[in-house]
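Geometric and topological summary
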Amino acid sequence: MSSAFEKLARPVQKWVRAQGWKELRDVQARAIHAVCGTSDDVIVAASTAGGKTEAAFLPLISQVLQASAEQGGFDLLYIGPLKALITDQARRLDDICQETGLPVTPWHGDVTASVKARALRAPHGILLITPESLEALFVRRGLEIPRLFGATRAVVLDELHSILDSERGVQVRSLLARLERSTGHPIRRIGLSATLGDMALARAYLRADDPEAVHLVKATGGEAELRLQLRGYVSGNQNDAGPSATDAVAEHLFRHLRGSNNLVFAGARQQVEIYADRLRELCETAQLPQEFYPHHANLSREHRDFVERRLKDAGKPTTAVCTSTLELGIDIGDVTCVAQIGAPFSVASLRQRLGRSGRRAGQPAILRQYSIETRLAADSSLADRLRLGLVRAVAMIELLLEGWCEPPRPDALHLSTLVHQVLSVIAGRGGATAAQLYRQLCQDGPFRQVSAPLFLEVLRAIGTSDARLIEQAQNGLLLLGEVGEKLVGHYGFYAVFPTPEEYRLIAGGRDLGSIPLENVLSRGMMLIFSGRRWTVQEVDTVNRAITVTPSQAGVPPLFGGSPGVIHDRVISKMREIFEGDRDPGYMDRPALELLAEARRNYHALGFATSPVVQTGESTFFIATGCGTVKNTTLALALQSFGHEVQEHDGFLEIASAKADLPLAESLDRLASGGAVDLFAGRPNLMFEKFHRYLTEDLLREDALSSRLQAEALPEICGRLHVLN
DNA sequence: GACCTGCTGCGGTTTG
């Protein structure tokens, strides 16, 4: 074998031989060279099942075995975003570590207290943990952190792309900074990832102080051949006797997916329920065994485990109709085809989904995109006339083929998570000064966009007699306040993301899953859930439980949700598609007809010659050319001048009858940098878990750093000239 | 016009 193999410790070499591998994979060999003999941070980027775990751990375990560790504590730390992933990875690592004497400890909410107690008594080997459980260790055992992690050589961050820009990712980076501070030494970081949009930004996220030094090991080649089809459907054929678009899509899925393993991403939980119900019915009508099952976060763990097990079982063909639950990490084996109903919200997630198919050598990856558009009428909306769903789906596929995907937004303040970390540090240390908190979280930690004055404003907000999260002792030390004590003492504290309140649904004494509280249900009402139909028997509002029995009809419940964020680049690709004339070969005839119709309407409306089009006495369409963040910013700015605004992907629909200022003048004023109050319409600014403790001013600043982009207004409006 | 993720400590009972 290669020189990389020679660098591994004996017991690890023995394990590699026992696998019967002829060669280490290229990405593994390069990762071994990058990890052994250096203390560099490393990102290993390879497709799902590309051997990333081994690439990182074979050399890391070897290093641990080759060094004489005198200090106690865990040798290696692994942070994973899912409990199921930790359980999977612990099993794989346990196998590698069989002959090394290194214990492997999985640690999350479902791991028994005895396993945790044993690991705490004699910390050693590899610890695999969730961000929340690590947070709990800091809060409950803050003083023991040096003892537990004093000898830790490296931390492996799995699914790095999934935590880069999220509140949870900020939490992880904060925990890593706190870990290095408590142990008094830097701990090398190894990130594992499949999809990364911008490597420079990913490096900065992994190690903000020294991104240039992060070593990148990226798998080359090995990409499966991609087979694509985009099918177009038109709904609302009142005059036709034919099936509805939903039925037509379900029938097509039934015909083409039956007999193999597949994933159907339906976009929303309600859609998952509708398609799963139709497909179950088609199986029953044809007297065939059931093989289509729904999978989303509101279904019971028991049902989801059943679907995941069936997907892994080669003997039973299974198609899961799902949301992004089946997008990440957990091993469900290879699937034949990935279907996507409606356009996805990001190219990154489309790429991640597609990575589930075509993983075996010689097998292509197959993507079936279904786009449903509404039949046009005289009063059809701009979105329908321009076929925005279909054009966005084409734009996403084109960007996927170009290899592009969305980078994270680097300048967000993340004030909600900052509040969480302030409470956590105070709890873990039993008190802290404002200066200590600022240094630890904002200077050395991930909240570098937060200035000292802004940080003090946050501390003041959570220290008021209303908020009572923190209070100051005589000597200046900050302590938990009455509300803070209660918050931190409850086990719900550790996660940084909010969770909605829900009813549990129970049938025959078994848990079916849960639905949001906003569903108003009473005895006798019928619903579709878990792909089947039910009648409500009893609503227990005290225990938040609804009992149901099987029925013949029903409608899916409401699951709520908030609008997705589309990147600027997707909108400019959509414009290229409107203004171009190329017909992609992967589109079927109805889809091409819809595309031709979209282009005809785009030109007929006049967008090819002017981005602002007058459609009535005081009504306008604007092609802003911007993604959701800038589009929403412009919408709020125009609303502040009294215009009524409706948002679409890359477009705004304006009614100016009641405006204080004509549209042209409004745009001119914004183009020249004139003052504007984006919050005049009092938009909802509380969307993160700890936002409720912040002042209106802080909420606005937080929104401006993440959801809006006020400084872009002059540039956006400078491009928009109204033709008179 | 959306999706997903996570959870401690203690008291009581049973078992060796």
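Here the structure is a predicted model, which is why all the values come from computation and not from measurement.

Re the packing of helix α12 (residues 245-257) against helix α13 (residues 269-285)
- Where α12 contacts α13, the two axes come as close as 10 Å, and the packing angle between them is 60°. Here α12 lies oblique to α13, going by the angle between them. Every pair of crossing elements has a handedness; the one defined by α12 and α13 is right-handed. Residues T246, D247, V249, A250, E251, L253 and F254 of α12 lie in contact with α13, whose contacting residues are I274, Y275, R278, L279, L282 and C283.

Section: the packing of aromatic side chains
- A full pass over the atoms with the stated rule returns 15 aromatic pairs.
- With 6.1 Å between their ring centres and 35° between their planes, F254 and F292 make a pair best called tilted. With F254 in helix α12 and F292 in strand β10 (residues 292-295), this pair connects stretches of sequence that are 38 residues apart. F292 shares its class with F254; the two are buried.
- With 4.6 Å between their ring centres and 5° between their planes, F578 and Y602 make a pair best called stacked. In this pair, F578 is assigned in helix α22 (residues 568-579) and Y602 in helix α23 (residues 589-605), connecting sequence segments 24 residues apart.
- Of the residues examined, Y602 reaches a relative accessible area of 2% and is grouped as buried.
- In this structure, R392 packs its charged tip against the face of F345, placed 4.9 Å from the ring centre.

Thoughts on the nonpolar core
- In this structure, L418, L437, L634 and L638 are the most contacted members of the largest nonpolar core, which totals 63 residues.
- A per-element tally of this core places helix α18 (residues 415-429) first, with seven residues.
- Domain assignment of the residues forming this core places at least three in each of domain 1 (2-218) and domain 3 (407-565 + 602-724).

Brief notes about the protein's contact with DNA strand B
- Around DNA strand B, 37 residues are found, and the nearest of them are K83, R304, R392, Y491 and D649.
- In DNA strand B, atoms within 4 Å of the protein come 59% from sugar and phosphate.
- In this structure, a phosphate oxygen belonging to DNA strand B sits 2.8 Å away from a side-chain N or O atom of T130.
- Looking at the surface near DNA strand B, the element that brings in the most residues is helix α7 (residues 131-140), giving four residues.
- Broken down by class, the residue content of the surface near DNA strand B amounts to twelve nonpolar, 16 polar and nine charged.

Side note on the sheet that holds strand β24 (residues 651-655)
- On the basis of which strands lie adjacent, the open sheet formed by four strands has the order β21-β22-β24-β23 and antiparallel pairing. The strands lining the two open edges of the sheet, one partner per strand, are β21 (612-614) and β23 (644-648). Across this sheet, the average inter-strand angle for adjacent strands is 20°, counted without regard to direction.

Considerations on the state of the cysteines
- Throughout the structure, instances matching the rule amount to zero disulfides.
- The thiol sulfur of C97 is not disulfide-bonded, and the nearest other cysteine sulfur, from C36, lies at 15 Å.
- In this structure C97 comes out as buried when scored by relative accessible area, which is 3%.

Overview of helix α2 (residues 10-18)
- Taken residue by residue, α2 has V12, Q13, W15 and V16 as its buried positions. Along α2, the residues classed as buried sweep out an arc of 160° about the axis, all on the same side. For α2, exposure combined with an orientation more than 90 degrees from the buried face picks out R10, R17 and A18.
- Residues of α2 that are buried sit in contact with α1 (3-6), α4 (52-66) and α5 (83-96).
- Immediately beyond the C-terminal end of α2, within one or two residues, lies G20, with a positive phi of roughly 75°.

Cut-offs and rules
Residues numbered from 1 in each chain as written. Chains lettered and ligands numbered in written order. Predicted model: local features only at pLDDT ≥ 70, side-chain atom pairs only at ≥ 80, totals over all residues. Heavy atoms only, no water. Axes fitted to C-alpha atoms, helices over the stretch in contact; angles between N-to-C directions. Helix = DSSP H or I, 4+ residues; strand = E, 2+ residues; numbered from the N terminus. Parallel < 35°, antiparallel > 145°, perpendicular 65-115°, else oblique. Left-handed = near helix turned anticlockwise from the far one by under 90°. Contact = heavy atoms within 4.5 Å. Phe/Tyr/Trp six-rings, centres within 6.5 Å; stacked < 30°, edge-to-face > 60°. Buried < 20%, exposed > 50% of the residue type's maximum accessible area, 1.4 Å probe, protein only. Lys NZ or Arg CZ within 6 Å of the ring centre and 35° of its normal. Core = buried A, V, L, I, M, F, W, Y, C linked by side-chain atoms within 4.5 Å. Domains from an automatic or database assignment. Near = heavy atom within 4 Å. Polar contact = N/O pair within 3.5 Å; in protein donor to acceptor, adjacent residues only side chain to side chain. Nonpolar A, V, L, I, M, F, W, Y, C, P; charged D, E, K, R; others polar. Pairing = 2+ DSSP bridges. Disulfide = S-S within 2.5 Å. Arc of directions from axis to C-beta.

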